[in-house]
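Letter by letter, the chains look like this.
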Amino acid sequence: MRLEAKLALFNALSKLLLVLLGAVVIPPVVSRVAVGHTDQRLHEKQAEVMQLIRRNGISAFVKGEAYADYNILKQEYITLTPLPAASEPTGKPRIFDEPRQVDNEIEDFRILSYNFNIDRKEYRLEIGSSLATVELLTDTLRHMALWVLVIGALITIFTDAAFAHYLLRPLRQLIVRKLRGVHHPSAFSYTPLETDTADFQRLDESLNEMMRKIQSAFEKEREFMSNVSHELLTPVSILQSRFENMLQDPELGHAHSLKIVDSQKTLYRLRNTVKTLLLIANIENEQYLRDETVSVATVLAEVTNELEDRLAQREIHLLEDLEPDYVLLRANRTLLFTLLFNLISNAIKYNNWGGSITVLGRPHPEGGYTLSVTDTGPGIAPENLPHLFDRFRRFQKGASAPEGYGLGLPIAKTIAEFHKAQLTVTSEVSKGTTFSLRFR
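Definitions and limits used
Residues numbered from 1 in each chain as written. Predicted model: local features only at pLDDT ≥ 70, side-chain atom pairs only at ≥ 80, totals over all residues. Heavy atoms only, no water. UniProt positions renumbered as here; feature names shortened; annotations may be inferred. Helix = DSSP H or I, 4+ residues; strand = E, 2+ residues; numbered from the N terminus. Rg over C-alpha atoms; globule rule 2.2 N^0.38 Å. Buried < 20%, exposed > 50% of the residue type's maximum accessible area, 1.4 Å probe, protein only. Areas by Shrake-Rupley, 256 points an atom, 1.4 Å probe, with all protein chains shown as cover. Lys, Arg positive; Asp, Glu negative; His and termini not counted. Charge placed at Lys NZ, Arg CZ, Asp CG, Glu CD. Salt bridge = Lys/Arg side-chain N within 4 Å of Asp/Glu carboxyl O. Axes fitted to C-alpha atoms, helices over the stretch in contact; angles between N-to-C directions. Parallel < 35°, antiparallel > 145°, perpendicular 65-115°, else oblique. Left-handed = near helix turned anticlockwise from the far one by under 90°. Nonpolar A, V, L, I, M, F, W, Y, C, P; charged D, E, K, R; others polar. Arc of directions from axis to C-beta. Pairing = 2+ DSSP bridges. Contact = heavy atoms within 4.5 Å. pLDDT = per-residue confidence, 0-100. Domains from an automatic or database assignment.

As annotated in an unreviewed UniProt entry, the chain carries the name histidine kinase and is attributed to Hymenobacter fodinae. Turning to the chain, the UniProt record has this under Subcellular location (unreviewed entry): "Membrane". Per UniProt, the chain carries the Catalytic activity (unreviewed entry) text "ATP + protein L-histidine = ADP + protein N-phospho-L-histidine."

A. How the structure looks around the overall build of the chain. When helices and strands are counted, the chain shows nine helices and twelve strands. Taking 22 Å as the expected radius of gyration for a compact globule of 440 residues, we find that the chain reaches 47 Å, considerably beyond that expectation. The buried share of the chain, taken over its 440 residues, is 35%. Entry remark: accessible area of the chain is about 27,100 Å², with carbon and sulfur atoms responsible for 57%. When the 50 positive and 54 negative side-chain charges of the chain are each reduced to one mean point, those points stand 4 Å apart.

B. Geometry of the pattern of salt bridges. For the coordinates displayed, the defined rule picks out ten salt bridges. Ionic pairing is found between Asp-321 and Arg-362, a salt bridge with its closest N-O pair at 2.8 Å. One end of the pair, Asp-321, is in strand β7 (residues 317-322); the other, Arg-362, is in strand β9 (residues 356-363), and 41 residues separate them in sequence. Overall, the relative accessible area of 30% leaves Arg-362 in the partly exposed class.

C. Spotlight on the packing of helix α1 (residues 3-56) against helix α2 (residues 131-167). Packing of α1 against α2 brings their axes to within 8 Å, and their N-to-C directions diverge by 160 degrees. As the angle between them shows, α1 and α2 are arranged roughly antiparallel. α2 is crossed by α1, and the crossing has right-handed handedness. For the contact of α1 with α2, a count of residues per class yields 22 nonpolar, eight polar and four charged.

D. Helix α3 (residues 169-179), seen in detail. Every buried residue belonging to α3 is among Pro-170, Leu-174 and Lys-178, and all of these are buried. Summarising the axial view, the buried residues of α3 lie within an arc of 45 degrees, below the 170-degree limit, and thus occupy one face.

E. Focus on the sheet that holds strand β10 (residues 369-375). What the five strands build is an open sheet, ordered β7-β9-β10-β12-β11; its pairing is mixed. Where the open sheet ends on each side, the last strands, each with one partner, are β7 and β11 (422-428). The mean angle between the axes of side-by-side strands here comes to 15 degrees, regardless of whether they run parallel or antiparallel. The sheet contacts of helix α6 (residues 296-306) involve β7, β9 and β10, and relative to β7 the element is tilted by about 170 degrees.

F. Focus on the confidence of the model for the chain. Per-residue pLDDT for the chain has a mean of 82; in total, 90% of the residues score no lower than 70. A low-confidence stretch, residues 397-405 (pLDDT under 50), is modelled with 13 contacts involving residues beyond four sequence positions or located in other chains.

G. Structural detail: the domain arrangement of the chain. For the chain, the assigned domains read domain 1 (3-150), domain 2 (198-282) and domain 3 (289-396 + 403-439). Taking the mean C-alpha position of each, domain 1 and domain 2 sit 98 Å from one another.

H. Seen up close, the pairing of strand β12 (residues 432-439). Of all eight residues in β12, seven are buried; the element is thus mostly enclosed. Where β10 meets β12, six bridges bridge the pair, whose relative direction is antiparallel. Looking across to β12, one finds that Leu-371 is bridged to Leu-437. Sheet topology note: the β11/β12 ladder contains seven bridges and is antiparallel. For Gln-422, the partnering residue across the bridge sits in β12 and is Arg-438. Two successive antiparallel strands, β11 and β12, enclose a turn made up of three residues, where Ser-430 displays a positive phi of approximately 75 degrees.

I. A look at the environment of Ile-175. Assignment of secondary structure puts Ile-175 in helix α3. Its relative accessible area of 33% is what places Ile-175 among the partly exposed residues. Placed 18 residues apart in sequence, Ile-175 and Ile-157 show a C-alpha to C-alpha distance of 25 Å.

J. Region of interest: the UniProt feature "transmembrane region" (unreviewed entry) in the chain. The sites that carry the UniProt feature "transmembrane region" (unreviewed entry) are, in the present numbering, residues 144-168. What you have in residues 144-168 is 96% helix and 0% strand, and the ends, taken at the C-alpha atoms, are 36 Å apart.

K. Just unusual backbone geometry, in detail. Here the amide bond leading from Glu-323 into Pro-324 is cis, since omega sits at -5 degrees, within 30 degrees of zero. Relative to the elements of secondary structure, Pro-324 occurs in the loop between β7 and β8 (327-331). Its identity as a non-glycine residue notwithstanding, Lys-420 has a phi of 60 degrees, on the positive side. You can see Lys-420 is positioned in the loop between α9 (408-418) and β11. The phi torsion at Ser-430 lies on the positive side, around 75 degrees, for a residue other than glycine. In this fold, Ser-430 is placed in the loop between β11 and β12.

What follows is the structure in structure tokens.
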């Protein structure tokens, strides 16, 4: 998962957790706020009533046993009741919940009760607010708070995602411009990354420095391999000439002749190895041109014709299925021949006696063309697949496996990259191996 997606997911989950926490915490908090608001209103009404009593006198309200007033919806009421001389002393107002009868109906009220003394008489003031009103206010505040929380969480999710997208833009540019599709140090772009984030600047500088070191090491390795290959070819050729001259000596014994022939075989293999290394070095140094139009089917026919005797010797059946043929507009015919020759030759080497090889060519759904070479051999162990294209790396494929120096597949990989193609391998033990070459 991409870093930006992980940040957005974490942001969304944290906001969801915040909303869930709010759904648990908000109701009791809102209830306390609603009750506190109601109590404050009761205190304010008490202050207003006492101010009216002091201004107009108690007689303006109590003209008999008591005074009572309530609104038409019975949501609030006010009562003034004279108290006996031995009643509760004057004190602070008390607020409590209790049912009251209003017009023959019982309602639950939040009640403020206050005893006071005026004109040497004790009175009790009660101001009640219906609990239904308190609950309505609580529900209104609860829904409002939850909606505000949800909307705020959604807004912050989108704003945080947009900010993360903007903040990580230099990282995306770094991946696209400097990492993705860079199969060789020479294709790396050293253009500085345009960003004011210090971390990305240091990452860009570190990548540039690392790729410079890698490119320098590559160039030294190429130069070394090219020089060594050239230097080795001369003494090998001299030794081959001397051995040939020795074999022409009539006084040479039969036993010595056999030893010289064996030495010639060893020199021949050494010469081929040196030539292969030199070929790899020349390809990597871009000393070959890609200026030919080449048909894959035509090159494949030449390869199968070259390997016809080896196929017959091991009784291996070769099936070619290219629908349609694919034509490379910018290619090197000789190198493509070597590439296909190595792949099919490898499939012959490590195939079962009397097995089969299938060469399948199809257009790729995403564009380009895929050519696959599948054998029915013993397969390759999964732990060996990542190292299959390493130079001089050989794996045990059975007692009857032919000897080699592990350069066939590396040179195939090098030629594929030279043609901007991708060479991959899949294998299943005891069932066979498939090499896939995708041209873009």
